[in-house]
Amino acid sequence: SYLRKGLLKLSENFECLDASRPWLCYWILHSLNLLGDQIPQEQQLRISEFLKSVQADTGGFCGNIGHLPHLATTYAAVSALASLDFEPCYDIIDTSKLNQFLQNMHNDDGSFTMHKDGELDVRGAYCAAVVAHLSGIYSEELFANTGEWIAKCQTFEGGFGSRPGTEAHGGYTFCSLAALILLNKTHLINKDQLLDWAVHRQMRFEGGFQGRTNKMVDGCYSFWQGGVFPLLHHILKTDLKSNLDEKEWLFSQVALQDYILFCCQYPSGGLVDKPGKSRDYYHTCYCLSVYRLHSTPLKILLCGEIRIISLNQLIPFSTLF
């Protein structure tokens, strides 16, 4: 109910996100997809028409009508369209202009600028890589030197910062690792050091993850940090040809599951950062995402037998995108 209402109308409290409308579409659509909720085709067409209205004449997507095209909102718009299961919705993407936009954001050192004359960080490389793959315009030339630039963002701690020389951070670490996989460049980084940093971001008492060293837990970082483990698991299993378990990751899944279920659910629907915070679509999206990735069946001992009382019924999705 909370998610469906958000697709139709938002209160004036969301005015601060007026430049992030494609993100609101993506967070809500992805959450509904995870829950297996079917969106009527008529509504899907209305959503795609809105996203078409924020597609820039020069390529890429804007945060709202008349704004500059931005890599983050381009990622959100293309991902939202990919979340729809009605093929005519995909046709709104002008792939030729999108390719030109990505080329314009690409720098000689391999990094990507988020928008014209804007900030530069590893989010740009990740957003560009995802968009290029989802829209079928990926090429090695478009991402020349990008893998090498991302590798320079790995810090002495093992995680990745926003750009070379900055502090390791959960969101940037996920973006870096996922982008390197999409670019087939994971051989450039120290994976043992990354694993060591990532496992120490799970808090022993709360069970959730912190975004950086000496910070508090946050529901969304349960995804940004927790999402690193399936990716690392795949790399280690492939590189080392090891017999790593396909269902058990390299951290306490039960503790994370408990944090999401007991600390992040809002009584009237939606999920939150931590107890006492208000619900929002961002945390709902990423708390649901990490719960789908990492939850394990709840088991009880009944009459001398172990019985499963709850199975994960959320719909599977690709961690990379």
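Residues numbered from 1 in each chain as written. Predicted model: local features only at pLDDT ≥ 70, side-chain atom pairs only at ≥ 80, totals over all residues. Heavy atoms only, no water.

J.: Honestly, the packing of helix α4 (residues 71–83) against helix α6 (residues 122–135) in this entry has me stumped. Any pointers?
T.: Helix-helix packing: each pair is described by the crossing angle between the helix axes and the interaxial distance. It is at 9 Å that the axes of α4 and α6 come closest, and there the two elements cross at 35 degrees. Considering only the axes of α4 and α6, their crossing is left-handed. Note on element contacts: α6 touches α4 through Gly124, Tyr126, Cys127, Ala128, Val130, Val131 and Leu134, opposite Leu71, Ala72, Thr74, Tyr75, Val78, Ser79 and Ala82. (Axes fitted to C-alpha atoms, helices over the stretch in contact; angles between N-to-C directions. Helix = DSSP H or I, 4+ residues; strand = E, 2+ residues; numbered from the N terminus. Left-handed = near helix turned anticlockwise from the far one by under 90°. Contact = heavy atoms within 4.5 Å.)

J.: Mind showing me how you'd approach the packing of helix α2 (residues 21–34) against helix α3 (residues 41–53) here?
T.: The contact between α2 and α3 brings their axes to 10 Å, and the two run at 150 degrees. Of the possible angle classes, the one that applies to α2 and α3 is roughly antiparallel. Between α2 and α3 lies a crossing of left-handed hand. Taking contact as the criterion, the partners of Arg21, Pro22, Cys25 and Leu29 in α2 are, on α3, Ile47, Phe50 and Leu51. Among the residues forming the contact of α2 with α3, the class breakdown is six nonpolar, no polar and one charged. (Parallel < 35°, antiparallel > 145°, perpendicular 65-115°, else oblique. Nonpolar A, V, L, I, M, F, W, Y, C, P; charged D, E, K, R; others polar.)

J.: Where do I start with the side chain of His115 in this structure?
T.: Tracing the sequence through the fold places His115 in the loop between α5 (95–105) and α6. Classification of His115 by relative accessible area gives buried; the value is 18%. A polar contact is formed between the side chain of His115 and the side chain of Glu119, at a distance of 3.5 Å. In this view, His115 contacts Leu68, Pro69, His70 and Met105; residues no more than four positions away in its chain are not counted. (Buried < 20%, exposed > 50% of the residue type's maximum accessible area, 1.4 Å probe, protein only. Polar contact = N/O pair within 3.5 Å; in protein donor to acceptor, adjacent residues only side chain to side chain.)

J.: Is there a simple way to think about the environment of Cys285 in this case?
T.: Within the secondary structure layout, Cys285 lies in helix α13 (residues 281–294). When the C-alpha positions of Cys285 and Leu29 are compared, they lie 8.8 Å apart, and in sequence the two are 256 residues distant. Each residue touching Cys285, except ones within four places of it in the same chain, is listed here: Tyr26, Trp27, His30, Ser31 and Leu34.

J.: Just checking my understanding: could you explain the packing of aromatic side chains for this structure?
T.: How two aromatic rings sit relative to each other is given by the distance of their centres and the angle of their planes. All chains considered together, the criterion is met by 20 aromatic pairs. Ring geometry for Phe14 and Tyr281: centres 5.6 Å apart, planes at 35 degrees, overall tilted. Within this pair, whereas Phe14 is found in the loop between α1 (2–8) and α2, its partner Tyr281 is found in helix α13, the two being separated by 267 residues in sequence. For Phe14, a relative accessible area of 23% puts it in the partly exposed group. With a relative accessible area of 5%, Tyr281 lands in the buried category. Taking 5.2 Å as the distance between ring centres and 50 degrees as the angle between the ring planes, the aromatic pair formed by Phe174 and Phe223 counts as tilted. You can see Phe174 sitting in helix α8 (residues 170–182) and its partner Phe223 sitting in helix α10 (residues 221–226), a full 49 residues away along the chain. Grouped by ring-pair contacts, the aromatic residues Trp23, Tyr26, Trp27, Tyr75, Tyr126, Phe174, Phe223, Trp224, Tyr282 and Tyr286 constitute a single cluster. (Phe/Tyr/Trp six-rings, centres within 6.5 Å; stacked < 30°, edge-to-face > 60°.)

J.: For this particular structure, what's the right way to read the pattern of salt bridges?
T.: One pass over the full model with this rule turns up seven salt bridges. Salt-bridge contacts for Arg123 lead to Glu119; the nearest nitrogen and oxygen are separated by 3.1 Å. According to the relative accessible area criterion, Arg123 is partly exposed, its value standing at 28%. With a relative accessible area of 35%, Glu119 lands in the partly exposed category. In this structure, Asp121 engages Arg123 in a salt bridge whose closest nitrogen and oxygen atoms are separated by 2.9 Å. Beyond isolated ion pairs, a larger network of salt bridges with shared partners links Glu119, Asp121 and Arg123. (Salt bridge = Lys/Arg side-chain N within 4 Å of Asp/Glu carboxyl O.)

Any functional reading would require information beyond the geometric quantities listed.
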